[in-house]
Amino acid sequence: SKRYSITLLPGDGIGPEVISVAKHVLNLAGSLEGIEFNFQEMPMGGSALDLVGVPLPEETLSAAKKSDAVLLGAIGGYKWDKNEKHLKPETGLLQLREGLRVFANLRPATVLPQLVDASTLKKEVAEGVDLMVVRELTGGIYFGKPRGFGTNEDGEEIGFNTEVYATYEVDRIARVAFETARKRHGKLCSVDKANVLEASMFWRKRVIAVAAEYPDVELSHMYVDNAAMQLVRNPKQFDTIVTNNIFGDILSDEASMITGSIGMLPSASLGSSGPGLFEPIHGSAPDIANQDKANPLATVLSAAMLLKYGLGEENAAKRIENAVLETLNKGFRTGDIYSAGNKLVGCKEMGEEVLKSVDSQVAAA
Ligand code: NAD
Ligand code: IPM
Ligand code: MN
């Protein structure tokens, strides 16, 4: 049987709750496909700060680098919000993405027929939405220099960051986006602020240059403010979106709500080589942590992306995706996706139901 080593980074808040569910689901789906997982749990984020004083311990990064794939829950929380920058849980996550060189973040937003009622948009606007945000993840304003705090010429305190992209950074994310669009419906929309920002003018120039390699993909450009509006006006116009680090962060949270809840959206972060990083797009949700209320499906679907994009195990991935659909078909809903007539369950019970559905597909197969 095949064996893979997976680094699990439960993190903070609801992270451990959703990772526990995803681990069980991975184990079962794997065993049905003759796959064995060797899980290694490592500290990360606020819990690592409490344990060893840094948000990304060296042992955690080296374990992650040595494994076949990394599954992260979420990090962050009130307790560490006032920490200095290098001691913030979020800094640990950025160091992890940088350390693994996972520059391409795929964030699919699909409105499942079962969840049309959970969307805050009208049924006719939400139904059938199926888009993919390709977010640049290791550059832009998140990493650009100069950055920091200082004083201006009037002696006023200031904080500053730099949005900067080099040719190789735009070219490689554009290629991932064109390849992604090619496998989907052949439409790519590049989102920028090229009417104002030089970094965006340059981004657009490079995307247009790379487009010459993909004559079969229909490329369009949109300013980010308009894109934010179009996403709620008519999200079905989008197939694949490619954008920079910060616009991708914001637009993917916006896109998540079309699907019913941020608790549903998975992601895959990939580099040119080495293990991928898989995580839900949501955070540690401190407002509902330790109450068994979290929706584990974003993490379960991230585990499916891990199988598909990280390990090339499409059959095991399909088992998980089908099990999620079947669980929703049976009417099980966590609070964030609940609508009248369904069965309200907590995180654990949702996990148990997904496991039952993974199991029952064997009987069907
Ligand atoms: P958040 O995504 O944690 O929560 C936003 C809202 O969505 C909250 O009301 C929360 O209860 C709800 N929510 C999120 N995930 C849910 C789920 N699975 N099921 C049900 N409801 C869910 O964003 P925030 O409140 O802005 O940030 C909280 C902390 O998480 C901060 O410290 C932030 O920096 C961190 N954060 C971490 C990540 C990550 O680890 N990748 C991502 C975003 C935010
Ligand atoms: C996300 C988060 C992170 C980001 C934070 C926690 C660093 O919001 O994964 O979407 O901004 O990338
Ligand atoms: Mn975010």
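The coordinates are above.
Residues numbered from 1 in each chain as written. Chains lettered and ligands numbered in written order. Predicted model: local features only at pLDDT ≥ 70, side-chain atom pairs only at ≥ 80, totals over all residues. Heavy atoms only, no water.

1. Here we look at the environment of Glu153
Convention followed: Helix and strand labels come from DSSP, where a helix needs a run of H or I of at least four residues and a strand needs a run of E of at least two; each type is numbered from the N terminus.
Position of Glu153 among the secondary structure elements: in the loop between β6 (148-151) and β7 (157-160). Measuring from C-alpha to C-alpha, the distance between Glu153 and Arg204 comes to 34 Å, with 51 residues separating the pair along the chain.

2. Notes on the pattern of salt bridges
Spelled out, the test is: The term salt bridge refers to a side-chain nitrogen of Lys or Arg lying within 4 Å of a carboxyl oxygen of Asp or Glu. Exposure is judged per residue with a 1.4 Å probe applied to protein chains only, and the accessible area is read against the type maximum: over 50% gives exposed, under 20% gives buried, and values in between give partly exposed.
All chains considered together, the criterion is met by 17 salt bridges. In this structure, Glu326 engages Lys330 in a salt bridge whose closest nitrogen and oxygen atoms are separated by 3.5 Å. With a closest N to O distance of 3.0 Å, Lys356 and Glu353 form a salt bridge. Of this pair, Lys356 and Glu353 both sit in helix α12 (residues 347-364), 3 residues apart, which is roughly one turn of that helix. On the accessibility criterion, Lys356 (48% relative accessible area) is partly exposed. Sharing partners across several salt bridges, the network here consists of Asp130, Arg184 and Asp239.

3. A short note on the site of ligand 2
What counts is decided by this rule: When we say a residue is near a molecule or strand, we mean one of its heavy atoms is within 4 Å of it. Here a polar contact means two N or O atoms within 3.5 Å. Within protein one must be a hydrogen donor candidate and the other an acceptor candidate, and residues neighboring in sequence count only if both atoms are side-chain atoms. What sets the accessible areas is the Shrake-Rupley method with a 1.4 Å probe; for residues, cover comes only from the shown protein chains.
Contacts to ligand 2 come from Glu90, Arg97, Arg107, Arg135, Tyr142, Asp249 and Ile281. Arg97 has a polar side-chain atom sitting 2.6 Å from an oxygen atom of ligand 2. One nitrogen or oxygen atom from the side chain of Arg107 is found 3.0 Å from an oxygen atom belonging to ligand 2. Relative to its unbound accessible surface of 320 Å², ligand 2 loses 79% to contact with the protein.

4. Description of the packing of helix α1 (residues 15-32) against helix α10 (residues 297-310)
We count it as follows: Simply put, an axis is a line fit to the C-alpha atoms, just over the touching stretch for a helix, and the angle between two N-to-C directions goes from 0 to 180 degrees. Working definition: roughly parallel below 35 degrees, roughly antiparallel above 145 degrees, roughly perpendicular at 65 to 115 degrees, and oblique for all remaining angles. Two helices that cross are described as forming a left-handed crossing if the nearer one is turned anticlockwise from the farther one by less than a right angle, and a right-handed crossing if clockwise. Throughout, a contact is declared for two residues whenever any of their heavy atoms are within 4.5 Å. The nonpolar class holds Ala, Val, Leu, Ile, Met, Phe, Trp, Tyr, Cys and Pro. Asp, Glu, Lys and Arg form the charged class, and all remaining residues, Gly among them, are polar.
Where α1 meets α10, the closest approach of the two axes is 8 Å, and the angle between their N-to-C directions is 45 degrees. If you check the angle between α1 and α10, you find them oblique. Along this stretch, α1 crosses α10, giving a crossing that reads as right-handed. On α10, the residues that touch Val18, Ile19, Val21, Ala22, Val25 and Leu26 of α1 are Thr299, Val300, Ala303 and Leu307. Residue classes in the contact of α1 with α10 are distributed as 9 nonpolar, 1 polar and no charged.

5. Considerations on the pairing of strand β1 (residues 2-11)
A regular strand carries its side chains on alternate faces of the sheet. Spelled out, the test is: Paired strands, in this sense, are two strands between which DSSP finds at least two bridges. A clockwise path from the first strand over the helix to the second, with the strands pointing away from the viewer, defines a right-handed crossover.
By the criterion of burial, β1 is predominantly enclosed, with 7 of the 10 residues buried. Bridge analysis of β1 against strand β2 (residues 35-41) gives 7 bridges, and the strand direction is parallel. Residue Lys2 lies in a different strand from β2, and its bridge partner there is Ile35. For the crossover from β1 across α1 to β2, the handedness is right-handed. When β1 meets strand β3 (residues 69-74), the two strands line up parallel, connected through 5 bridges. The residue bridging Gly11 from the neighbouring strand is Ala74, located in β3.

6. Structural notes on the site of ligand 1
Not every one of the 21 residues close to ligand 1 is listed here, only the nearest: Glu90, Gly283, Ala285, Asp287 and Asn295. Contact between ligand 1 and Ile75: an oxygen atom at 2.9 Å from a main-chain N or O atom of the residue. Within the backbone of Ala285, one N or O atom sits 2.8 Å away from an oxygen atom of ligand 1. For ligand 1, the protein covers 69% of the area, taking 800 Å² as the surface of the free molecule. A class-by-class count of the residues in the shell around ligand 1 yields 10 nonpolar, 7 polar and 4 charged.

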